[in-house]
Amino acid sequence: MKTVNDINFKDKKALIRVDFNVPLNDKFQVTDTTRIQAAKPTILKVLEDGGSAILMSHLGRPKGIEEKFSLKHIVKEVTNILGVHVKFVENCVGELAEKAAAELQNGEILLLENLRFHPEEKAGDKDFAEKLSKLGDIYVNDAFGTAHRAHASTTIIAQFFPENKCFGLLLAKEVESLNAVLNNSAKPVTAVIGGAKVSSKIDVIKNIMDKVDNIIIGGGMAYTFIKVKGGKIGESLVEDDKLDVAQEILNLAKEKNTKIHLPIDVIAADAFSEDANIQIFPANDIPDGWMGLDAGPKTNVGFSFIIAASKTILWNGPIGVFEMAKFAKGTIEMGNAIADATAEGAFSLVGGGDSVAAVKQFGFADKVSYVSTGGGAMLEMLEGKTLPGIEALLN
Ligand code: AMP
């Protein structure tokens, strides 16, 4: 994997695909700067070498040019975080962009306008990619969040830099961390898969089955498994059209000697609400009118025990409805267990939108080995797919 550390950028213009798709409030202020912070080491490496950086990104899902999705809103924040004044140009291709790129001096940073103001970006248009490629000397991809998309700036563009292309430090770290979990990882390996739906995680579970020793299934998706095993789940979340898939996964696990761990007790509520009455029931005996919204105390102890004995841990998806304090305990206890195991030397990787939100909210982000920035991209890697953005850099 060739990264920016393998290249000297002196007098070179690095064209860097970053993921600055950050959340903005109604005053167009950045409410979470994680993604900008994450791109900082790559950008500064280029500047420290004596080169300049041209940053390209998308923001949101604009339909054509929509002012509210302009990257001009984030220029001040990017300047603050990088500690270097960031120039901005109101288009990412064409005369304006070419002029701004040509005038850029060593040590300077230029941010291009939202790539998705041009439909050619998502279409993976080759001419558009070629126009972008004219702006820089070396192509760097540091956008893990879009590495699973064959868009013009993430994949197609790489062919115009047959020799001069490389991984940004963030992208390299993401790939290395996921490989550390999926291949040659210290055993026992435990995957914690939670969240709402079985359907969105089926391919992940099937792919990791060969690579892990334990799969802990938490969150809403557990009830489809509990039901297919003959349990009574009351009004809990269930995907009745996925019962056969759940059974198939259970059979496969038996065949491959992978242990699947489900909740044994749950905190159930009589409504999907913070004000609901709550009661603890066995996970396979939830009365009608009650729904399981979090793991119960026995389950939390059992799950923690498995985590404590693990040397490699992957966590994707919350254990309960952690957005409501009443149902956050399972997720917090899982975070605690993973933090403790990490302190004892285990390698832990947390990824996927909601689990990342949970580790941040409960203060575990710096107590795990690695927090992945890309939800969809991470899931696709865990499903065993080759990401087009990564393949384009390797070929
Ligand atoms: P996902 O996007 O599939 O990872 O799902 C994340 C969502 O699952 C979060 O918003 C949680 O509130 C929700 N969730 C977790 N456990 C449950 C549960 N037992 N019932 C319903 N939703 C749940």
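Residues numbered from 1 in each chain as written. Predicted model: local features only at pLDDT ≥ 70, side-chain atom pairs only at ≥ 80, totals over all residues. Heavy atoms only, no water.

### What about the pattern of salt bridges?
Here is step 1 of the chain: Throughout the structure, instances matching the rule amount to 17 salt bridges.
Here is step 2 of the chain: In this structure, Glu103 and Lys99 form a salt bridge, with 3.1 Å as the shortest nitrogen-oxygen distance. Within this pair, Glu103 and its partner Lys99 are both found in helix 3 (residues 94–103), separated by 4 residues, close to a single helical turn.
Here is step 3 of the chain: Since its relative accessible area comes to 45%, Glu103 is described here as partly exposed. (Salt bridge = Lys/Arg side-chain N within 4 Å of Asp/Glu carboxyl O. Helix = DSSP H or I, 4+ residues; strand = E, 2+ residues; numbered from the N terminus. Buried < 20%, exposed > 50% of the residue type's maximum accessible area, 1.4 Å probe, protein only.)

### Structural notes on empty space enclosed by the protein
Here is step 1 of the chain: Applying the stated criterion across every chain yields a total of 2 cavities of 30 Å³ or more.
Here is step 2 of the chain: In this structure, the largest cavity spans a volume of roughly 60 Å³.
Here is step 3 of the chain: Residue classes in the lining of the largest cavity are distributed as 5 nonpolar, 2 polar and 3 charged.
Here is step 4 of the chain: Here the second largest cavity defines a volume of roughly 30 Å³.
Here is step 5 of the chain: Lining the second largest cavity are Asn300, Phe303, Ser304, Ile319, Gly330, Glu333 and Met334.
Here is step 6 of the chain: Elements with a contribution of two residues or more to the lining of the second largest cavity: helix 10 (297–308) and helix 11 (329–343).
Here is step 7 of the chain: Class assignment for the residues of the lining of the second largest cavity results in 3 nonpolar, 3 polar and 1 charged. (1 Å grid on protein atoms, 1.4 Å probe; cavity = no way out; pocket = protein on both sides within 12 Å on 5 of 7 lines; lining within 4 Å. Points joined across faces, edges and corners; volume = space filled by probe spheres on them. Nonpolar A, V, L, I, M, F, W, Y, C, P; charged D, E, K, R; others polar.)

### Some thoughts on the sheet that holds strand 11 (residues 265–269)
Here is step 1 of the chain: What the 3 strands build is an open sheet, ordered 12-11-14; its pairing is antiparallel. Of all the strands in the sheet, just strand 12 (278–282) and strand 14 (291–295) have a single pairing partner and so form its edges. Averaged over all pairs of adjacent strands, the angle between their axes in this sheet comes to 45°, without regard to strand direction.
Here is step 2 of the chain: Pairing geometry for strand 11 and strand 14, over 4 bridges, is antiparallel. Among the inter-strand pairings, Val266 is bridged to a residue of strand 14, identified as Ala295. (Pairing = 2+ DSSP bridges. Axes fitted to C-alpha atoms, helices over the stretch in contact; angles between N-to-C directions.)

### Structural notes on the site of the ligand
Here is step 1 of the chain: Taken together, 15 residues sit near the ligand, with Ala196, Gly220, Gly292, Glu323 and Asp354 positioned nearest.
Here is step 2 of the chain: Within the side chain of Lys201, one N or O atom sits 3.4 Å away from an oxygen atom of the ligand.
Here is step 3 of the chain: Gly220 is positioned such that a nitrogen or oxygen atom in its backbone is 3.2 Å from a nitrogen atom of the ligand.
Here is step 4 of the chain: Protein coverage of the free-state accessible area of the ligand, which is 500 Å², stands at 80%.
Here is step 5 of the chain: Taken together, the residues that form the shell around the ligand break down as 6 nonpolar, 5 polar and 4 charged. (Near = heavy atom within 4 Å. Polar contact = N/O pair within 3.5 Å; in protein donor to acceptor, adjacent residues only side chain to side chain. Areas by Shrake-Rupley, 256 points an atom, 1.4 Å probe, with all protein chains shown as cover.)

### Observations concerning the domain arrangement of the protein chain
Here is step 1 of the chain: What the domain assignment lists for the protein chain is domain 1 (4–171) and domain 2 (185–382).
Here is step 2 of the chain: Domain 1 and domain 2 are separated by 36 Å when their C-alpha centres are compared.
Here is step 3 of the chain: Between domain 1 and domain 2, the residue contacts involve 7 residues of the former and 10 residues of the latter.
Here is step 4 of the chain: Contact between domain 1 and domain 2 buries roughly 710 Å² in total, counting both sides, with carbon and sulfur atoms accounting for 61%.
Here is step 5 of the chain: Considering only the side of domain 1, the residues that lose the most area to domain 2 are Phe144, His148 and Leu170, jointly responsible for 67% of the buried surface there.
Here is step 6 of the chain: On inspection of domain 1 and its partner domain 2, the count reaches 1 salt bridge.
Here is step 7 of the chain: Put simply, Lys360 and Asp32 hold a salt bridge, and the shortest N to O gap is 3.3 Å.
Here is step 8 of the chain: Between domain 1 and domain 2 we count 2 residue pairs in polar contact (both at pLDDT 80 or more) in total. (Domains from an automatic or database assignment. Contact = heavy atoms within 4.5 Å. Buried area = accessible area lost by both parts, 1.4 Å probe.)

### Comments concerning the nonpolar core
Here is step 1 of the chain: Membership of the largest hydrophobic core comes to 76 residues, with the highest contact counts inside it found for Phe144 and Phe225.
Here is step 2 of the chain: Sorting elements by how many residues they give to this core places helix 6 (residues 169–182) first, with 7 residues.
Here is step 3 of the chain: Here this core spans two domains, and each of domain 1 (4–171) and domain 2 (185–382) adds at least three residues to it.
Here is step 4 of the chain: Formed by 29 residues, the second largest nonpolar core is a distinct cluster that contains Ile16, Ile36, Ile74 and Leu82. (Core = buried A, V, L, I, M, F, W, Y, C linked by side-chain atoms within 4.5 Å.)

### Describing the sheet that holds strand 17 (residues 370–371)
Sheet strands line up and pair through hydrogen bonds in the backbone, either parallel or antiparallel.
Here is step 1 of the chain: With respect to topology, 6 strands assemble into an open sheet ordered 10-8-7-15-16-17, the strand pairing being parallel. Looking at which strands have only one partner, the edges of the open sheet turn out to be strand 10 (259–261) and strand 17.
Here is step 2 of the chain: Of the strand pairs in this sheet, strand 7 (residues 189–193) and strand 15 (residues 312–316) are connected by 5 bridges, and their pairing is parallel. Its bridge partner being in strand 15, Val192 is matched across the sheet by Trp315.

### Describing helix 5 (residues 126–133)
Here is step 1 of the chain: Listed as buried for helix 5 are Phe128, Ala129, Leu132 and Ser133. One face of helix 5 carries all of its buried residues, which in axial projection span an arc of 140°.
Here is step 2 of the chain: Against strand 1 (13–17), strand 2 (52–56) and helix 4 (119–123) lie the buried residues of helix 5.
Here is step 3 of the chain: In this structure Asp125 caps helix 5, since a side-chain oxygen of it lies 3.1 Å from the backbone nitrogen of Asp127. (Arc of directions from axis to C-beta.)

### Digging into the packing of aromatic side chains
Here is step 1 of the chain: Under the criterion given, the structure shown has 3 aromatic pairs.
Here is step 2 of the chain: Note on Phe281 and Trp290: the rings are 5.4 Å apart at their centroids and 70° apart in plane angle, and the pair reads as edge-to-face. For the pair Phe281 and Trp290, a shared accessibility class is recorded, and that class is buried.
Here is step 3 of the chain: Ring geometry for Phe322 against Phe362: centres 6.3 Å apart, planes inclined by 75°, an arrangement best described as edge-to-face. Pair noted here: Phe322 is in the loop between strand 15 and helix 11 and Phe362 is in the loop between helix 12 (353–361) and strand 17, with a separation of 40 residues, a long-range link.
Here is step 4 of the chain: Residue classification places Phe362 among the partly exposed positions, given a relative accessible area of 23%. (Phe/Tyr/Trp six-rings, centres within 6.5 Å; stacked < 30°, edge-to-face > 60°.)

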